[in-house]
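Residues per chain are reported as follows:
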Amino acid sequence: YQVVKRLYKKALKRASGVVFQNPDDRKFFIEKGIISESTRNTVVNGSGVDLDYYQSELSEVSPLRFLLVARMVREKGVEIFVEAARRIKSKYPEASFELLGWVDENPNSLSLEQIESWQAEGVIIYHGTTDDVRPYIQNSSVFVLPTYYREGTPRTILESMAMKRAIITTDTPGCRETVEEGVNGFLIPPRDVDALYDKIMYFIEKPERAEEMGLESFRIAKEKYDVHLVNRDLLKFMELD
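Reference entry: report on the structure contained in this document. Note on numbering: residues in each chain are counted from 1, in written sequence order. The predicted nature of this model means local features are confined to residues of pLDDT at least 70 and side-chain atom pairs, given and counted, to a pLDDT of 80 or more, with totals for whole chains, interfaces and linings taken over all residues. Only hydrogens and water are removed before side-chain values are computed, so all heavy atoms of the structure are retained for them.

## A word on the nonpolar core
And step 1. The term nonpolar core refers to a set of buried residues drawn from Ala, Val, Leu, Ile, Met, Phe, Trp, Tyr and Cys, joined through side-chain atoms within 4.5 Å. Residue exposure (1.4 Å probe, protein chains only): buried if accessible area is under 20% of the type maximum, exposed if over 50%, otherwise partly exposed. Core analysis: the biggest nonpolar cluster contains 59 residues, and Phe66, Phe97, Leu99, Ile124, Ile200 and Phe203 have the highest contact counts within it.
And step 2. Looking at this core, the element that brings in the most residues is helix H7 (residues 193–205), giving 8 residues.
And step 3. Working rule for contacts: check all heavy atoms of both residues, and any pair within 4.5 Å makes them a contact. Setting aside anything within four residues of it in sequence, one finds Leu99 in contact with Leu68, Met72, Val78, Phe81, Ile115, Ile124, Ile125, Tyr126, His127 and Gly128.
And step 4. Counting residues in each nonpolar core, the second largest holds 5 residues, with Val18, Phe20, Ile34 and Ile35 among its members. Under the scheme used here, helices are H or I runs from DSSP no shorter than 4 residues and strands are E runs no shorter than 2 residues, and both carry numbers assigned from the N terminus.

Dropping the structure here:
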């Protein structure tokens, strides 16, 4: 930690400005002395999302499909998602839980063998990797990212919001800003399988809420995360606007 802190501090010492993707990271950098309170900085709403590219019409998905898109590492909450899925499928075997993302060489990466064993068990469907997430989001009901990895602002959440999907994610930096609790989805504590189970069950018992919350996700994406708005704010900060 100290080595990383020193490297950040050295790298940013001569920066004319620092851009953060969420307010928690800005607070952290100031409190830890990585930048001073006088350092010119701003917070933008993630990297933004292209609403035209990720446009989608709501379509009835039955039975409900819960999708997690991420690198297959533990910190993204994949195992938490799988355990919640296992509990729910014992009661509602028709519900679908799907994984999309690559297996990398990170020491905390899940092995392909492990993922395939979950699929053989009938708990999840693993789609491997793709260059285009849109068909998978389109065929889902609710996007789930139970990450406890320190995110900037996860692009996969923004893409799913742009495509009118309800969101379940964690109350952590970079994620909490994307959800208006009970409006476009739910925030859960990190590493909390019980909480994730409860929120998934909410949608199974009230499937109409997935569509209603999905529309709210799009509203928030349009008002807050449209890439044109984010780029405008960046240009203004850079004094190029």
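## Some points on the pattern of salt bridges
And step 1. For this analysis, a salt bridge means a side-chain nitrogen from Lys or Arg found within 4 Å of a carboxyl oxygen belonging to Asp or Glu. Within the structure shown, the criterion is met by 18 salt bridges.
And step 2. Where Asp104 meets Arg71, a salt bridge forms, and the shortest distance between an N and an O atom there is 3.0 Å. Residue Asp104 is found in the loop between strand E4 (96–100) and helix H4 (112–121), and its partner Arg71 is found in the loop between strand E3 (65–69) and helix H3 (78–89); the two are separated by 33 residues along the sequence.
And step 3. The residue Glu212 makes a salt bridge to Arg209 at a minimum N-O spacing of 2.6 Å. Of this pair, Glu212 and Arg209 are both found in helix H8 (residues 208–225), 3 residues apart, which corresponds to roughly one turn of the helix.
And step 4. What you see here is one network of salt bridges that share partners, running through Glu83, Arg86, Arg87, Glu121 and Asp194.

## As for the packing of aromatic side chains
Two measures describe an aromatic ring pair: the distance that separates the ring centres and the angle between the ring planes.
And step 1. Here a Phe, Tyr or Trp ring, Trp counted by its six-membered ring, pairs with any other such ring whose centre lies within 6.5 Å, and the pair is stacked when the planes are under 30 degrees apart, edge-to-face when over 60, and tilted otherwise. One pass over the structure, following the stated rule, counts 9 aromatic pairs.
And step 2. Geometrically, the ring pair formed by Phe186 and Tyr202 is edge-to-face, given 5.0 Å between the ring centres and 75° between the ring planes. Of this pair, Phe186 sits in strand E8 (residues 185–188) while Tyr202 is found in helix H7, placing the two residues 16 residues apart along the sequence.
And step 3. Judged by its relative accessible area of 6%, Phe186 falls in the buried class.
And step 4. Seen from the ring of Tyr53, Arg134 lies directly overhead, with NZ or CZ sitting 3.8 Å from the centre. Throughout this description, the term charge over a ring refers to an Arg CZ or Lys NZ atom that lies within 6 Å of the ring centre and within 35 degrees of the ring normal.

## Observations regarding the pairing of E4
The side chains of a regular strand alternate between the sheet's two faces.
And step 1. Among the 5 residues in E4, 5 count as buried, and that is most of the element.
And step 2. Burial along E4 is two-sided: Ser96, Glu98 and Leu100 facing one way and Phe97 and Leu99 facing the other are all buried.
And step 3. By definition, two strands form a pair when at least two bridges between them are found by DSSP. Summarising the sheet, E3 and E4 pair through 5 bridges and their orientation is parallel. Its bridge partner lying in E4, Phe66 is registered against Phe97.
And step 4. In this view, the connection linking E3 to its parallel neighbour E4 by way of H3 has right-handed handedness.
And step 5. Note: E4 against strand E5 (residues 125–126), 2 bridges, orientation parallel. Viewed with both strands pointing away, a crossover whose connecting path from the first strand over the helix to the second turns clockwise is right-handed.

## Describing unusual backbone geometry
With glycine set apart, most residues show a phi of negative sign, and most peptide bonds adopt trans.
And step 1. In this structure, Lys164 is a non-glycine residue whose phi angle is positive, near 65°.
And step 2. Not every positive phi belongs to a glycine, and Arg191 is a case in point at roughly 65°.
And step 3. With respect to the helices, strands and loops of the structure, Arg191 is situated in the loop between E8 and H7.

## A few points about the environment of Glu98
And step 1. Relative to the helices and strands, Glu98 resides in strand E4.
And step 2. For Glu98, a relative accessible area of 7% translates into the label buried.
And step 3. Between the C-alpha atoms of Glu98 and Arg71, which are 27 residues apart in sequence, the distance is 13 Å.
And step 4. If we ignore the near neighbours within four places in the chain, the residues touching Glu98 are Arg65, Phe66, Leu67, Leu68, Phe81, Ile125 and His127.
And step 5. In protein, a polar contact requires one atom able to donate a hydrogen and another able to accept it; more generally it is a pair of N or O atoms within 3.5 Å, and residues adjacent in sequence count only if both atoms are side-chain atoms. In this structure the side chain of Glu98 is engaged in a polar contact, spanning 3.0 Å, whose partner is the side chain of Ser96.
And step 6. Within polar-contact distance, the side chain of Glu98 engages the side chain of His127 at 2.8 Å.

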